[in-house]
Amino acid sequence: MGEESPPRAAGSRPPSRPAAAAAAAAAAAAGTVGPQPPRREEAHTDAPRRAHACVTAAMHKLEVLGVRVAPTRTAQALCVIAAGVAFVLGTVLGVLIPLYVLPPLYAETDSGVTPPTTAPSAAGLLTALGRRPPLVTPRPAELPVELVDSISYLGTAVSEDSESVLSSLVSTESSPAAGLQRTSARPAVVVNASVEDEESDVAELTDGIFWSDAVEVALPRGVASEEVTEWRAFCRRAALIKVEEGCGRMQNRLLTFENGTQSCCRYRQNFDQIQGEIFSFLLSRELGIRNLPPTSLLLVQPAERQWSAVRAQLSLAQWAEQRPVVLTRFRENLTPAFIPEQLRGTDRRLHPADLRLSGLNMEQNRDTVLELAQWSDLILFDYLTANLDRIVNNLYNQQWNPSMMDSPAHNLARDPSTGLLMFLDNESGLLHGYRLLDKYEPYHRTMLDATCVFRRDTVEAIRRLHRAGDVGTALRRIFRETHPELVDFLPTLPEKSIKILKKRIDNVHEVIERCERTYAS
């Protein structure tokens, strides 16, 4: 037995392995008792333990993904990798199967095809995952009315340019009729339960910014060119038998011809209103607007046979000789015409979107639709001529009478037998109205900007006059051709009025182009 090693001080560090090995060697050299070498029979029993030690040493050198790790770290890494793969695979399947596999199955079910009773094969699933079916959108009938109403009202806050963007966002590729169309600045008056029915109504009324063919065909025929020519010839040859008070102002008279035909005759001390009446009529014919009654000029000549039977009545009327008067064919049984509801309020608008929201259709609202189509012509015509005695009269007087827009329109009547609107009393156009533009232009412009649906023939006439730029030349030529006997008695249209008219034609053309950009079909 060797000497015992001194006790280790409290808190001292234990000897290291090299120190311990050295101490053991020293003890062996000194003859101390140490571990004896194993006997032969024990060597065989130690072989398994030695093999296990070799395997353990080899495992310490194991590499995972190029990194040498301990066995415990190897198990942790494999768990993390397996969890990541499972998460990615689950995410992919969870997204792709509802997006690519289920829609075709439901689409087949909705179309009436019985879905298969057996689960699809793996090959079928892979085929479905490899293609992108069209998106299945909800049918319009499934949309709640409240949702449609909310979307329509939301559209009221966007400008005209942004309306086209909104329309493209809510439309669908699979069925344009199923998409919600562009809304207007007016809130919906009537919202149909079925959007498809509503869209068909719009398609029936408008074609872009134009009234549809169905509306155009149903419009009243109006005053034909042959009727205008016959009236002009009749006024020149027919004898008068009666001149009586009527037809408006003090010196106006109701004339009766020998065959019983009657005419409203306009007499003025100055020429402005006579010119305004006849040149407004000639402009309406150039525009293809046939709502003005046949109009002609006649020279007051009491000495002539045509006037001989009414000489005394001419004296009572204080009509001077050699004065031009305007003869308009008198129509009986005309009824008052009212301003359409779409144009009465401060939010007045006549746009394709407004027609959709109003719920109008040709089957149930035929008369209303046909009047609106004629009003689109009236608004353009009164803007071009700056007529003060019709819709502008109602607008201006509204500041004193709030219910003025509910009253009959001034100098506008309706033929109940045909539905034709008659544009009467146009004497303020082109001259008198132009002198007062500083005062009344805001009212004219309000009505023009409120309109975005037009008759196709009227738009083509506006474009033709805009391109030619010679409306004054055309009107003067027509006046000389139709009333050659009046050329020396009635001045032609002044150059200043022609310049203003050309500018207003350009303004109308600009509005039409803007509407076409907004409601491009």
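Everything numeric here is computed off the predicted structure, so don't read it as measured data. Along each chain, the written sequence defines residue order, and numbers are assigned to residues from 1. In keeping with the model being predicted, local features are shown solely for residues with a pLDDT of at least 70 and side-chain atom pairs are shown and tallied solely at 80 or more, while totals for entire chains, interfaces and linings include all residues. Side-chain measures here rest on the full set of heavy atoms in the structure, leaving out hydrogens and waters.

Below, the discussion takes up the overall build of the protein chain. Helix and strand definitions here come from DSSP, where helices need a minimum of 4 consecutive H or I residues and strands a minimum of 2 consecutive E residues; each element is numbered from the N-terminal end. On a plain count of helices and strands, the protein chain comes out with 20 helices and twelve strands. Only protein chains enter the accessibility calculation, which uses a 1.4 Å probe. A residue is then buried if its area is under 20% of the maximum for its type, exposed if over 50%, and partly exposed in between. Each of the 521 residues in the protein chain was classed as buried or not, and the buried ones make up 40%. For this analysis, residues touch if any pair of their heavy atoms sits within 4.5 Å. Excluding contacts between residues fewer than 6 apart, the proportion of contacts in the protein chain whose partners are at least 24 apart in sequence is 74%. Surface accessibility follows the Shrake-Rupley procedure with a 1.4 Å probe radius. Residue values consider only the protein chains on display as shielding. Accessible surface, the protein chain: about 28900 Å² in total, of which carbon and sulfur atoms supply 57%.

Moving on: the state of the cysteines. Disulfide assignment relies on a single distance test, namely cysteine sulfur atoms paired within 2.5 Å. Counted by the stated rule, this structure contains two disulfides. Residue pairing for Cys247: its cysteine sulfur links by disulfide to Cys264, the two sulfurs lying 2.1 Å apart. Residues Cys247 and Cys264 share a disulfide whose torsion about the S-S bond is about -75°; that sign makes it left-handed. With Cys247 in the loop between strand E5 (240-245) and strand E6 (253-257) and Cys264 in strand E7 (residues 262-266), this pair connects stretches of sequence that are 17 residues apart. Accessibility expressed as a relative area gives 25% for Cys247, which makes it partly exposed. When its relative accessible area of 21% is taken as the criterion, Cys264 is described as partly exposed.

A pair of strands is considered paired only if DSSP assigns at least 2 bridges between the two. If you walk across this open sheet you meet the three strands as E10-E11-E12, and the pairing is antiparallel. Unpaired on one side and paired on the other, strand E10 (335-338) and strand E12 (420-423) mark the two borders of the sheet. Strand after strand, the sheet turns through a mean of 50° between neighbouring axes, direction not considered. Here E10 pairs with strand E11 (residues 408-415) via three bridges, running antiparallel. Bridge pairing links Thr335 to Arg414 in E11. Axis lines are fitted to C-alpha atoms, over the contacting stretch for helices. Their N-to-C directions set the angle, which ranges from 0 to 180 degrees. Across the sheet, helix H14 (residues 366-385) touches E10, E11 and E12, and the angle it forms with E12 is around 25°.

This part covers the sheet that holds strand E8 (residues 295-299). Across the sheet, which stays open at both edges, the five strands sit in the order E5-E6-E7-E9-E8 with antiparallel pairing between neighbours. Edge strands, defined here as strands with exactly one partner in the open sheet, are E5 and E8. Averaged over all pairs of adjacent strands, the angle between their axes in this sheet comes to 30°, without regard to strand direction. In this sheet, strand E9 (residues 324-329) lies alongside E7 in antiparallel orientation, the contact comprising four bridges. The residue bridging Cys265 from the neighbouring strand is Leu327, located in E9. Docked against the sheet, helix H10 (residues 225-237) engages E6, E7, E8 and E9, running at close to 15° with respect to E8. Sheet contacts for helix H11 (residues 272-287): E7, E8 and E9; angle to E8, the most-contacted strand, approximately 140°.

Turning next to H11. To estimate how far a helix should extend, the number of its residues minus one is multiplied by 1.5 Å. Look at H11: 22 Å from first C-alpha to last across 16 residues, which is about the 22 Å you get at 1.5 Å a residue. Among the 16 residues that make up H11, 13 are buried, leaving the element largely enclosed by the rest of the structure. Phi turns positive one or two residues past the end of H11, at Gly288, with a value near 80°.

Relative to the elements of secondary structure, Thr451 occurs in the loop between helix H17 (437-449) and helix H18 (456-468). With a relative accessible area of 0%, Thr451 lands in the buried category. From its side chain, Thr451 meets the backbone oxygen of Met447 in a polar contact 3.0 Å long. Any pair of N or O atoms that falls within 3.5 Å is considered a polar contact. Within protein, one atom must be able to donate a hydrogen and the other to accept it, and sequence-neighbouring residues count only if both atoms are side-chain atoms.

Our focus in this paragraph is helix H20 (residues 495-518). Counted at 1.5 Å a residue, the expected span for H20 with its 24 residues is 34 Å, and the 35 Å between its end C-alpha atoms agrees. Turning to H20, its buried residues number three or more, namely Ser497, Ile498, Leu501, Arg504, Ile505, Asn507, Val508, His509, Val511, Ile512, Cys515 and Thr518.

As a further point, take the pattern of salt bridges. Close approach of charged atoms lets side chains of opposite charge pair. The salt bridge criterion pairs a side-chain nitrogen of Lys or Arg with a carboxyl oxygen of Asp or Glu, the two atoms within 4 Å. Per the counting criterion, the structure on display carries 24 salt bridges. Where Asp377 meets Arg455, a salt bridge forms, and the shortest distance between an N and an O atom there is 3.0 Å. A residue pair is termed long-range when its members are at least 10 positions apart, and Asp377 in helix H14 and Arg455 in the loop between H17 and H18 qualify at 78 residues. Overall, the relative accessible area of 13% leaves Arg455 in the buried class. Two residues, Arg445 and Asp449, come together in a salt bridge whose shortest N-O distance is 3.2 Å.

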